[in-house]
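Inside the fold
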Amino acid sequence: MKKILIGAGVAVIFIVTISAMQQGGVASSSAAISSWKTSTSAKVEKRVQDYKVYSVHLPKSLDFAGEAVPLDQPDIRERVDREFLVNTYWQSNGILLIKRAQKYFPIIEPILAKNGIPDDFKYLAVIESGLQNVSSPAGARGFWQLMPATGRELGLEINANVDERYHLEKATNAACYYLKESKSKFGTWTLAGAAYNAGNGGINKQIEAQGVNRYYDLLLGEETGRYVFRILAIKEILKNPKNFGFNVNPSHGYEVIPAKNVMVDYEVEDLSAFAKANNINYKILKIHNPWLREPSLKNKSKKEYAIAIPEKGYYN
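In this report, the structure presented in the accompanying data block is examined. (Residues numbered from 1 in each chain as written. Predicted model: local features only at pLDDT ≥ 70, side-chain atom pairs only at ≥ 80, totals over all residues. Heavy atoms only, no water.)

Within the chain, the secondary structure is distributed over 11 helices and 4 strands. Here the analysis covers contacts within the chain between residues at least 6 apart in sequence; of these, 61% occur between residues at least 24 apart. Within the structure as shown, the chain displays about 18200 Å² of accessible surface, and the carbon and sulfur contribution to it stands at 54%. (Helix = DSSP H or I, 4+ residues; strand = E, 2+ residues; numbered from the N terminus. Contact = heavy atoms within 4.5 Å. Areas by Shrake-Rupley, 256 points an atom, 1.4 Å probe, with all protein chains shown as cover.)

Time to look at the nonpolar core. Val-80, Phe-121, Leu-131, Trp-144, Tyr-196, Tyr-215 and Leu-238 are the most contacted members of the largest nonpolar core, which has 63 residues in total. Put simply, the parts of the chain that give this core at least two residues each are helix H2 (74-88), helix H3 (91-114), helix H4 (122-129), helix H6 (168-186), helix H7 (189-198), helix H8 (200-210) and helix H9 (222-239). It is H9 that provides the largest number of residues to this core, a total of 9 residues. Apart from the residues within four sequence positions on either side, Phe-121 is in contact with Phe-64, Ala-65, Leu-112, Trp-144, Leu-179, Trp-189 and Gly-193. Grouped together as the second largest cluster of nonpolar side chains are 17 residues, Val-262, Val-268, Phe-274 and Leu-285 included. (Core = buried A, V, L, I, M, F, W, Y, C linked by side-chain atoms within 4.5 Å. Buried < 20%, exposed > 50% of the residue type's maximum accessible area, 1.4 Å probe, protein only.)

Here we come to the packing of aromatic side chains. For the coordinates displayed, the defined rule picks out 11 aromatic pairs. Relative to Phe-244, the ring of Phe-84 lies with its centre 5.7 Å away and its plane at 35°, an arrangement referred to as tilted. Taken as a pair, Phe-84 in helix H2 and Phe-244 in the loop between H9 and strand E3 (259-264) lie far apart in primary sequence, 160 residues in all. Across this residue pair, the class does not change: Phe-84 and Phe-244 are buried. An angle of 80° between the planes, with centres 5.4 Å apart, marks the rings of Tyr-215 and Tyr-216 as edge-to-face. Among the residues examined, Tyr-215 registers a relative accessible area of 1% and is labelled buried. You can call Tyr-216 buried: its relative accessible area is 5%. Each residue in the set Phe-64, Phe-121 and Trp-189 is aromatic and connected to the rest through ring pairs, giving one cluster. (Phe/Tyr/Trp six-rings, centres within 6.5 Å; stacked < 30°, edge-to-face > 60°.)

Once that is clear, we can look at the packing of H7 against H8. Between H7 and H8, whose axes approach to 6 Å, the crossing angle comes to 115°. Along its contact with H7, which presents Leu-191, Ala-194, Ala-195 and Ala-198, the element H8 presents Asn-200, Gly-202, Ile-203 and Ile-207. For the contact of H7 with H8, a count of residues per class yields 6 nonpolar, 2 polar and no charged. (Axes fitted to C-alpha atoms, helices over the stretch in contact; angles between N-to-C directions. Nonpolar A, V, L, I, M, F, W, Y, C, P; charged D, E, K, R; others polar.)

Okay, a nonpolar patch on the surface next. Judged by side-chain polarity, Tyr-51, Val-53, Tyr-54 and Tyr-89 come together as a nonpolar surface patch covering roughly 470 Å² of accessible area. Looking at where Tyr-89 falls in the secondary structure, it is placed in the loop between H2 and H3. Judged by relative accessible area, Tyr-89 falls into the partly exposed class, the value being 32%. (Patch = residues over 30% accessible without salt bridge, like charges linked within 9 Å, V, L, I, M, F, W, Y side chains within 5 Å. Salt bridge = Lys/Arg side-chain N within 4 Å of Asp/Glu carboxyl O.)

Let's shift gears to the pattern of salt bridges. Using the criterion set out here, one finds 14 salt bridges in the structure. With a shortest N-O distance of 2.6 Å, Glu-83 and Arg-226 are connected by a salt bridge. Taken together, the positions of Glu-83 in helix H2 and Arg-226 in helix H9 put the pair 143 residues apart, joining distant regions of the chain. Judged by its relative accessible area of 1%, Glu-83 falls in the buried class.

Glancing now at the packing of H3 against H4. The angle between the axes and the distance between the axes are what describe a pair of packed helices. Put simply, H3 and H4 touch, their axes get as near as 9 Å, and they point 130° apart. Relative to H4, H3 is oriented oblique. Crossing of H3 over H4 shows right-handed handedness. Listed contacts from H4 to Leu-97, Phe-105, Ile-108, Glu-109 and Leu-112 of H3 are Lys-122, Tyr-123 and Val-126. Looking at the contact of H3 with H4 residue by residue, the classes come out as 6 nonpolar, no polar and 2 charged. (Parallel < 35°, antiparallel > 145°, perpendicular 65-115°, else oblique. Left-handed = near helix turned anticlockwise from the far one by under 90°.)

Printed below as a string of structure tokens:
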């Protein structure tokens, strides 16, 4: 009987001890969870305090090519605000555009001026291509995103061997001709800009259908409806980058590499050999002459071409 009582006592003590340990464990676990929650909350609060996103303070007035934007109209103001927000907070792209503009605007600006096209149209090239020789699924090419038929109508040579839509100076001149034609047809540079996206026929159709003759009064498709507003946002950001949080040291911008033109009125069977003869390699030749689309220049007509060769000292 004594053994039974002793055994029962030991069992009771064991059970009480285990229970106490479990309760202590629960208490300890609860304390740990509470501490973790407090720590996490503090980290979230710090992150919220450290990371701030602000709405954009719009300029009091905007214009495109000297034509005022009716910011007093609520729908216009919202559409402008959208493009400023999208382009302000696409930070990596904004910095790249600022750097590329430093390189390419000095080439584009004098061509626009020579053709009587407002300087603001350089920003049209920015939204079309990001100042790159890009290709669209529809077949548009180059900085100005010209379609094959349009490019040929504007005097550019476009074939598998030579595509002058990739020739920045010639393509810029071609775009100027198109813009002047649109301005003559519609009377305003804003509509000329919209027509660059939708085509003269597309804009004319909407003007006739809706009975209005101002871009800001037209109801257009998504892309053309945003088009001029995107130009406006990019214009302001690239003109005043620090106002929108972009800090780019001018020394970080990209530079134009000076080049001389070598005139060619004959076939060049091997452009790689031609490059070596001019003390560069094939890659550098194509960087400076992206309009040469194949490894050879098939010039059976004996047309004279100017092939750009960079000056010495810029490439190893």
